[in-house]
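# Results of the structural survey
Here are the chains, one letter per residue:
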Amino acid sequence: MRHPGQWKMDIGLDEIGGVTRAEVRLGGTDDTRFTGIGLVENGPRGLHLPGIAAELALARALSDLTEELLEAVASDIDTQFTFPGPRVN
């Protein structure tokens, strides 16, 4: 990622075979792309509440996307800067 700019987010939700799937795609103007996926299976005893499943799947996809972005930031920091002494995690 070079500079701040315009970002676009696309969200897709679907349900197949009792599994609700959310996919969040985030793209920057410099062809940077990130994707988060969230899945929710039918509840206990086959109970399925589509509205709640969609919200939970989306929350999980956004969480997955957040982890991916944080990993990219850490990688960018590692490649852009050198720090004296031992690295502390």
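Scoring rules and cut-offs
- Residues numbered from 1 in each chain as written.
- Predicted model: local features only at pLDDT ≥ 70, side-chain atom pairs only at ≥ 80, totals over all residues.
- Heavy atoms only, no water.
- Helix = DSSP H or I, 4+ residues; strand = E, 2+ residues; numbered from the N terminus.
- Buried < 20%, exposed > 50% of the residue type's maximum accessible area, 1.4 Å probe, protein only.
- Polar contact = N/O pair within 3.5 Å; in protein donor to acceptor, adjacent residues only side chain to side chain.
- Patch = residues over 30% accessible without salt bridge, like charges linked within 9 Å, V, L, I, M, F, W, Y side chains within 5 Å.
- Areas by Shrake-Rupley, 256 points an atom, 1.4 Å probe, with all protein chains shown as cover.
- Salt bridge = Lys/Arg side-chain N within 4 Å of Asp/Glu carboxyl O.

Looking at the element boundaries, Thr32 is found in the loop between strand E2 (19-28) and strand E3 (33-41). The exposure class of Thr32 is buried, given its relative accessible area of 13%. In this structure the side chain of Thr32 is engaged in a polar contact, spanning 2.5 Å, whose partner is the side chain of Asp30.

Looking now at a nonpolar patch on the surface. A surface patch of nonpolar side chains, amounting to about 340 Å² of accessible area, comprises Met9, Ile11, Leu13 and Leu62. Among the elements that line the nonpolar patch, the one with the most residues is strand E1 (residues 7-16), at three residues. Looking at where Met9 falls in the secondary structure, it is placed in strand E1. Under the relative-accessibility criterion, Met9 is labelled partly exposed at 43%.

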